[in-house]
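Survey of secondary and tertiary structure
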Amino acid sequence: MRVLSGIKPTGKLTLGNYIGALKNFAQYQSDHDVFIFIADLHALTLPIDPDELRTNTKLITAFYLASGLDPHKVTIFKQSDVSAHAELNAILQNYLYMGELSRMTQFKEKSQAMDHSGIGLGLFAYPVLMASDILLYEANIVPVGEDQIQHIEITRDLVVRFNNRYGKVLVMPEPQVTRVGKRIMSLSDPTVKMSKSESGKGDIYLTDDLKTMRKKIMSAVTDSGSEIYVDEENKPGITNLLTIYAALTNQSLEACVTKFKDYRYGDFKKEVADVVVNTLGPFQAKAMAFLHSGEVDRLLAEGAKKAAIIANKTLVKVKKAVGLI
Ligand code: TYM
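Each residue is numbered by its place in its chain's sequence as written, counting from 1. Confidence filtering applies because this is a predicted model: local features only for residues at pLDDT of at least 70, side-chain atom pairs given and counted only at 80 or more, and all residues used for totals across whole chains, interfaces and linings. Computation of side-chain values: all heavy atoms of the structure, hydrogens and water removed.

1. A closer look at the domain arrangement of the protein
Formally: Start and end positions for the domains come from either an automated domain assignment or a database one. Throughout, a residue-residue contact means that at least one pair of heavy atoms, one from each residue, lies within 4.5 Å. When two components associate, each loses some accessible surface as probed by a 1.4 Å sphere; the sum of these losses over both components is called the buried area. Salt bridges are defined as contacts in which a side-chain nitrogen from Lys or Arg sits within 4 Å of a carboxyl oxygen from Asp or Glu. Two N or O atoms count as a polar contact when they lie within 3.5 Å, although within protein this holds only if one can serve as hydrogen donor and the other as acceptor, and sequence-adjacent residues are included solely when both atoms are side-chain atoms. Numbering goes from the N terminus for both helices and strands, where a helix is a DSSP run of H or I of at least four residues and a strand is a run of E of at least two.
Looking at the assigned domains, one finds that the protein contains domain 1 (2-182 + 294-322) and domain 2 (210-288). Placing the centre of domain 1 and that of domain 2 at their C-alpha centroids yields a distance of 30 Å. Listed as interface residues are 13 residues of domain 1 and, on the opposing side, 16 residues of domain 2. Buried surface at the junction of domain 1 and domain 2, both sides included, amounts to about 1,100 Å², of which 83% is carbon and sulfur. Linking domain 1 to domain 2 there are 0 salt bridges. Inspection of the region where domain 1 meets domain 2 yields 1 residue pair in polar contact (both at pLDDT 80 or more). Put simply, the parts of the chain that give the side of domain 1 that touches domain 2 at least two residues each are α1 (15-25) and α3 (50-66).

2. Observations concerning the nonpolar core
Quick note on the threshold: Side-chain atoms within 4.5 Å link the members of a nonpolar core, which is a set of buried Ala, Val, Leu, Ile, Met, Phe, Trp, Tyr and Cys residues. For every residue, the accessible area (1.4 Å probe, protein chains only) is compared with the maximum for its type, and the residue is labelled buried under 20%, exposed over 50%, or partly exposed between those bounds.
Counting residues in hydrophobic clusters, the biggest one holds 59 residues, and the most contacted among them are Leu15, Tyr18, Leu22, Tyr64, Ile244, Val276 and Leu280. Both domain 1 (2-182 + 294-322) and domain 2 (210-288) contribute no fewer than three residues apiece to this core. Membership of the second largest hydrophobic core comes to 42 residues, among which are Ala39, Ala84, Leu92 and Val159.

3. Focus on the pattern of salt bridges
Applying the stated criterion across every chain, the model contains 17 salt bridges. Residue Glu174 pairs with Arg156 through a salt bridge whose shortest N-O separation is 4.0 Å. Residue Glu174 is found in strand β5 (residues 174-176), and its partner Arg156 is found in helix α9 (residues 149-166); the two are separated by 18 residues along the sequence.

4. Observations concerning helix α6 (residues 105-112)
Where we set the bar: By definition, the arc is the one covered by directions from the helix axis to the C-beta atoms.
Those residues of α6 that fall on the buried side of the exposure criterion are Gln106, Phe107 and Ser111. All buried residues of α6 lie within an arc of 115 degrees about the axis, which places them on one face of the element. Facing away from the buried surface of α6 by more than 90 degrees, the exposed residues are Glu109 and Gln112. Tucked into the core, α6 has its buried residues touching α5 (98-102), α7 (121-124), α8 (126-136) and α9.

5. Description of the site of the ligand
Under the convention used in this document: Each residue is tested against the molecule or strand, and it is near if at least one of its non-hydrogen atoms lies within 4 Å. Ten residues, namely Ala, Val, Leu, Ile, Met, Phe, Trp, Tyr, Cys and Pro, are considered nonpolar, four, namely Asp, Glu, Lys and Arg, are considered charged, and the remaining ones, Gly among them, are considered polar.
Neighbouring residues of the ligand: 28 residues in total, closest Tyr126, Asp133, Asp147, Ile184 and Lys196. Within the contact set of the ligand, a nitrogen atom lies 3.2 Å away from a backbone nitrogen or oxygen of Gly16. Between Asp147 and the ligand, the recorded distance is 2.4 Å, taken from a side-chain N or O atom to an oxygen atom. Listed by contribution, the elements that provide at least two residues to the shell around the ligand are β1 (2-7), α1 and α8. In the shell around the ligand, the residues fall into 12 nonpolar, 9 polar and 7 charged.

6. What to know about α1
For α1, the buried fraction is high: 10 of the 11 residues fall into the buried class. Among the residues of α1, those classed as buried are Leu15, Gly16, Asn17, Tyr18, Ile19, Gly20, Ala21, Leu22, Asn24 and Phe25.

7. Regarding the packing of helix α4 (residues 84-92) against α8
Here is the rule: Each axis is a line fitted through C-alpha atoms, taken for helices only over the stretch in contact, and angles between the N-to-C directions span 0 to 180 degrees. Roughly parallel covers angles under 35 degrees, roughly antiparallel covers those over 145, roughly perpendicular covers 65 to 115, and oblique covers all other angles. When the near helix sits turned anticlockwise from the far one by under a right angle, the crossing is termed left-handed; a clockwise turn instead gives a right-handed crossing.
Two numbers describe how α4 lies on α8: the axes approach to 8 Å, and their chain directions differ by 120 degrees. When the axis of α4 is compared with that of α8, the two are oblique. In this structure, the crossing between α4 and α8 has a hand that is right-handed. Each of Ala84, His85, Leu88, Asn89 and Leu92 in α4 lies in contact with α8, whose residues at this interface are Val128, Leu129, Ser132, Asp133, Leu135 and Leu136. When the residues that make up the contact of α4 with α8 are grouped by side-chain class, the tally is 7 nonpolar, 3 polar and 1 charged.

8. Describing the packing of α8 against α9
The contact between α8 and α9 brings their axes to 9 Å, and the two run at 70 degrees. Looking at the two axes, α8 sits roughly perpendicular to α9. Across from Tyr126, Pro127, Met130, Ala131, Ile134 and Leu135 in α8, the residues of α9 making contact are His151, Ile152, Ile154, Thr155, Leu158 and Val159. A class-by-class count of the residues in the contact of α8 with α9 yields 10 nonpolar, 2 polar and no charged.

Written out as structure tokens, the structure is:
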């Protein structure tokens, strides 16, 4: 079975990216064929400073390594290093339709937040490139957070459409979300997703210093009442903190509710903060060591070579199917 996922090197990675995606990748590496990449072409879909893009790309590679991914077992690479992504994109853009692309939640949210005159075509066509990423590697499993499921669903629609026309060419992918933590919410407004594009006290960044992380958790918005239990509607703040705790300690939500049953909010938050700091502290140290080891560039170059072999095979298959060769 093949597994593929990627992270876009925009903004600062959050605890949401860590829990919903990053921390789940390594579990596949011993018994699956795993491809993990940095979606740098996707990063261009919103304005980004070139130096920031370069720095973020290296940092995410270091985060991948710090999360336990072993480059001997897993192929780690940069999307733009493998030209097959752009080539398949050019072909597949003819098989997804304007109507369905305009209904994508991410496009609606991001384009609404911008001045309408400045929306690039790439933002609109974002799912075509993402489908190309997935289909090039014939991925069976795509581990992601909840917000990316819609993009995998449209990829699945494309597979059906394409294969109906050309025969069994593309492999059907399946999204996989983590049991606990598929959507981590902002600490300052638990009704919105924690996000790297927001900048506020509600988002824990993986690069925050540990004191700042602790402070953000201690000042997280909690709900009225004093009891600690799961109720997304009436207790979104407490539910979010319970989810963070459960995900980072690999426990069920039920077990955490039982543990904190008689706690007061303040003491509960302190334990959540301890777990966050004790997880991300060592994680940051490992990431910085990788970043400064000088290994990152070499590793990405090797990864791209390995990835291109698989990607080019699929590209040839697709080109033959549609009549380009
Ligand atoms: P990106 O970079 O926005 O996010 C990376 C991963 O983190 C997950 N995530 C979250 N999970 C839980 N709670 C949150 N608050 C939260 N915020 C983000 C995302 O769901 C994602 O899994 N389009 C993708 C990158 C991409 C990709 C791909 C992924 C490009 N091609 C092919 C998989 C397969 C993106 O922008 O993710």
